[in-house]
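Overview (structure and organization)
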Amino acid sequence: MNRQMEEPRPTGIEKEQIEASEEEVYHARVREEAGLWELFVYLLNSLPTAIIAILILALLAAIGTLIPQESMGVTHADYVAKFGERKYHLLKSLGFTNIYNTVYFNIVFLWVAVSSIVCSVSRLRRTLRLWLRPTHGYSHRFFTARREPGRLYREGIPDSPEELQEQLKRAGFRTHLLRDADGSASIYADRGFIRKWASVVFHFAFILILVGGVIGRVFGFEGMVAVPDGGTSTVTVRLADNKAPLVRWLVAGVHPFHYELNLRKFDIEYDQHLQPSEYLTGLAASEPALREYLRYYVKDYVSDLTVRSHGNERRKLVKVNHPLKIGGTSFYQTSYVQEGYLLVSCDGSEAAYPVRAGAAYQVWRDGRLHEISEFGPSPTGSEILYHPQTQGGTFPVKAGPLYRAGVREGELKPIGLFEILPADSTDSRYELLNTTDWLQLHLPGHKLRVRMASRVDSTSVFQYRHDPGVGVVFFGWIVLIIGIVLTMYVPFVQVHLRWEPEVLYCFSRAFGAADKFSGYRVIEKCLANR
């Protein structure tokens, strides 16, 4: 009934025209005869080049995520504390501390944006042309000179091409017929054209995402603000701050954003490990104070926050992943600071002193607590009390509502972990101080003891973000996912036919979830049903 067709194959551009799609033909011609401008447009329309640019943009965005940005209010001291002086200057010279305003980031971003527009417009034009004017006058060579030759049928040929066209329509195909002067006809048929439109949607979704990103970069802002428990902090943002010169010009007339944050109450809730880990069990004998300290962990931290902005007011219990939103700006609970006080009793006289993580303290002969500086401890002072740095996000001083297996058990009074180092020895030990038990220290000629004071200073830290383009980005991602799903799973079948009174030439292609030979099977079924 049919056989594979074999004829001599052409070479060069002629071969490209027969074997390749219209897009492939364009790329082949550019490679052979393009000038500088044509090469530039070709690169803008090139998928490999676009993928490389997107990967570079993703890498730069990852760097901006991992390295704190100046736009978040990070100071020189914060950078030095985190990276050291030399690394900080290297990062700053590379632009990594303000990466979204660097020349190279904006060049890559602009390339991706223009490339997305060029690719989307080209895809739309090709799809519209295939939708409106798909029929071509197919020669014999169109069916024979290709990597996978088409099929030739000599039996069951319809009396007219219109009869075959009607059979294809009943099979769900969209058809176009073109009569030749010699009485033969070319028929183009396809089924599942929604896959082609999905590909167009897929490309334009990138533009939506980029537009949303541009809106966010131009008219958005973000930063950090710390609010003490029971206190108030204010935030004033000018859009032109920390923006590129062109963006500053665009937003020069926008009025500043002003926010007043009042933290009515801030609770840091603690729970207890019911079954100590192997690490905690191993500390039972060697470091009981450290073991007891690590038994308590932060369960949650909740801020009763009120925000006022330009006549509007909003109050909410803010938790991690449960932000307060007002006027398009979101306030996220990100971290906290909890600092305690050390109560010092020297010869019956008591005084409370604030202590901070990573600092070392000593009581001198004047009976006062002193933070030890680079000059070192006093040889006539007490033992050194080192308030160790934190690990795993747990702060040295712990105090707040106490839970056991998720059930409220009471209140955890302030406790603080200190490493005690004798002034004349390298031996040390851990002591867990609380508000009831005194720790005796040695100070020649004085009666000295210390414990934790009941006072705790808690500060809630919020990240604020205003991004008017986030809705556009979100919608763009939804459209992108829909386009990807339709492109991958909707079957699309193309059939090219040349009808002659006693012979039928056929070439079929299938895409997506379609079977490779489904087009041929449809044609053979039409011929068998005559």
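Okay, so let's go over this structure. Everything quoted here is computed from the prediction, not taken from an experiment.

About the criteria used
Residue numbering note: each chain is counted from 1, following its sequence as written. With the structure being a predicted model, the display of local features is reserved for residues of pLDDT at least 70 and the display and counting of side-chain atom pairs for 80 or more, all residues being used for whole-chain, interface and lining totals. Only heavy atoms go into the side-chain values, all of them from the structure, while hydrogens and water stay out. In this text, helices come from DSSP runs of H or I with a minimum length of four residues, and strands from runs of E with a minimum of two, each type numbered from the N-terminal end. A simple rule labels every residue: compare its accessible area, found with a 1.4 Å probe on the protein chains alone, to the largest value its type can have, and call it buried under 20%, exposed over 50%, or partly exposed in between. By the convention used here, residues are in contact when the closest approach between their heavy atoms is within 4.5 Å. The Shrake-Rupley method, run with a 1.4 Å probe sphere, supplies the accessible areas, and residue values consider only the shown protein chains as cover. Candidate patch residues must exceed 30% relative accessible area and have no salt bridge, after which like charges are joined if within 9 Å and Val, Leu, Ile, Met, Phe, Trp or Tyr side chains if within 5 Å. By convention in these notes, a salt bridge is any Lys or Arg side-chain nitrogen within 4 Å of a carboxyl oxygen on Asp or Glu. When DSSP finds two or more bridges between two strands, those strands count as paired. Here a Phe, Tyr or Trp ring, Trp counted by its six-membered ring, pairs with any other such ring whose centre lies within 6.5 Å, and the pair is stacked when the planes are under 30 degrees apart, edge-to-face when over 60, and tilted otherwise. Look at NZ for Lys and CZ for Arg. If either is within 6 Å of the ring centre and within 35 degrees of the ring normal, a charge sits over the ring. Each nonpolar core is a collection of buried residues, namely Ala, Val, Leu, Ile, Met, Phe, Trp, Tyr and Cys, held together in the definition by side-chain atoms within 4.5 Å. Think of it as the arc spanned by the lines of direction from the helix axis to the C-beta atoms. Lines are fitted to the C-alpha atoms to define the axes, a helix being fitted only along its stretch in contact, and any angle between axes, read from their N-to-C directions, falls within 0 to 180 degrees. Under this scheme an angle from 65 to 115 degrees is roughly perpendicular, one under 35 degrees roughly parallel, and one over 145 degrees roughly antiparallel; angles in between are oblique. Two helices cross in a left-handed way if the nearer one is turned anticlockwise from the farther one by less than a right angle. They cross in a right-handed way if the turn is clockwise. Throughout, the ten residues Ala, Val, Leu, Ile, Met, Phe, Trp, Tyr, Cys and Pro are labelled nonpolar, Asp, Glu, Lys and Arg are labelled charged, and all others, Gly among them, are labelled polar.

Within the chain, the regular secondary structure consists of 15 helices and 22 strands. Looking at the 530 residues of the chain, the share that counts as buried comes to 43%. At a minimum sequence separation of 6, the contacts of the chain that also span at least 24 residues come to 66%. Counting every atom, the chain has about 28400 Å² of accessible surface; 57% of that belongs to carbon and sulfur.

One non-glycine residue with positive phi stands out, namely His310, at about 50°. Despite not being glycine, Asn321 has its phi angle at roughly 70°, a positive value. When you line up the elements, Asn321 lands in the loop between β9 (312–318) and β10 (324–326). Residue Asn321 is classed as exposed on the basis of its relative accessible area of 68%.

This part is about a nonpolar patch on the surface. A contiguous nonpolar surface patch, about 490 Å² in accessible area, is contributed by Ile481, Ile484, Val485, Met488 and Tyr489. Checked against the element boundaries, Tyr489 lands in helix α14 (residues 470–489). Residue classification places Tyr489 among the exposed positions, given a relative accessible area of 55%.

Before going further, it helps to examine the pattern of salt bridges. Summed over the entire model, instances satisfying the criterion amount to 20 salt bridges. Taking the shortest distance from any N to any O, the salt bridge between Arg308 and Glu313 comes out at 3.1 Å. Note that Glu431 is salt-bridged to Arg429, the shortest N-O span being 2.8 Å. On the accessibility criterion, Glu431 (22% relative accessible area) is partly exposed. When its relative accessible area of 34% is taken as the criterion, Arg429 is described as partly exposed.

So, about the pairing of strand β16 (residues 397–404). Burial analysis of β16 places seven of its eight residues in the buried class, the great majority of the element. Note that β16 and strand β17 (residues 407–421) share seven bridges and pair antiparallel. Looking across to β17, one finds that Gly400 is bridged to Leu412. With antiparallel pairing between neighbouring strands as the criterion, β16 and β17 make up a hairpin whose turn holds two residues, including Ala405 at a positive phi of roughly 55°.

A few words now on the packing of aromatic side chains. One pass over the structure, following the stated rule, counts 16 aromatic pairs. Between Tyr100 and Phe105 the ring centres are 5.3 Å apart and the planes differ by 90°, which places this aromatic pair in the edge-to-face class. For the ring pair Phe331 and Tyr464, a centre distance of 6.2 Å and an interplane angle of 45° mean the geometry is tilted. With Phe331 in strand β11 (residues 329–346) and Tyr464 in strand β20 (residues 446–466), this pair connects stretches of sequence that are 133 residues apart. Its relative accessible area of 0% is what places Phe331 among the buried residues. Feature note: the residues Trp131, Phe193, Trp197, Phe492 and Phe511 constitute an aromatic cluster, connected by ring pairs. The aromatic ring of Phe511 is capped on one face by Lys196, whose charged end is 5.8 Å from the ring centroid. One cation-aromatic arrangement involves Lys398 over Tyr293; the distance from NZ or CZ to the ring centre is 4.0 Å.

So, on to the nonpolar core. Counting 35 residues, the largest nonpolar core has Tyr259, Leu261, Leu305, Val307, Phe331 and Phe462 as its most contacted members. The element that contributes the greatest number of residues to this core is strand β7 (residues 257–272), accounting for seven residues. When residues no more than four places from it in sequence are discounted, the contact partners of Leu261 are Val225, Val227, Gly231, Thr232, Ser233, Val235, Leu305, Thr306, Val307, Phe331 and Phe462. Judged by nonpolar contacts, the second largest core, of 30 residues, contains Leu152, Ala189, Cys506 and Leu527.

Next up on the list: helix α9 (residues 161–170). Of the residues making up α9, those classed as buried are Pro161, Leu164, Gln165, Gln167 and Leu168. An end-on view of α9 places all buried positions within 160° of arc, on one side of the element. On its buried side, α9 packs onto β3 (174–179), β4 (185–191), β21 (492–500), β22 (503–511) and α15 (518–528). The first or second residue beyond α9 is Gly172, which carries a positive phi of 90°.

This next bit is on the packing of helix α7 (residues 103–132) against helix α10 (residues 194–219). The relative placement of two packed helices comes down to the angle between their axes together with the axis-to-axis distance. The interhelical angle for the contact between α7 and α10, taken along N-to-C directions, is 155°, at an axis separation of 9 Å. When the axes of α7 and α10 are compared, the pair comes out roughly antiparallel. Viewed along their axes, α7 and α10 form a crossing whose handedness is left-handed. Each residue belonging to the contact of α7 with α10 can be placed in one class, and the counts come to 17 nonpolar, six polar and three charged.

Attention now goes to the packing of α10 against α14. Interaxial distance between α10 and α14 falls to 8 Å at its minimum, and their mutual angle equals 160°. It follows from the interaxial angle that α10 and α14 lie roughly antiparallel. Regarding α10 and α14, the two cross each other, and that crossing is left-handed. Contacts from Arg195, Ala198, Ser199, Val201, Phe202, Ala205, Phe206, Leu208, Ile209, Gly212, Gly213 and Ile215 in α10 reach Val472, Val473, Phe475, Gly476, Trp477, Val479, Leu480, Gly483, Ile484, Leu486 and Thr487 in α14. When grouped by side-chain class, the residues that make up the contact of α10 with α14 number 16 nonpolar, six polar and one charged.

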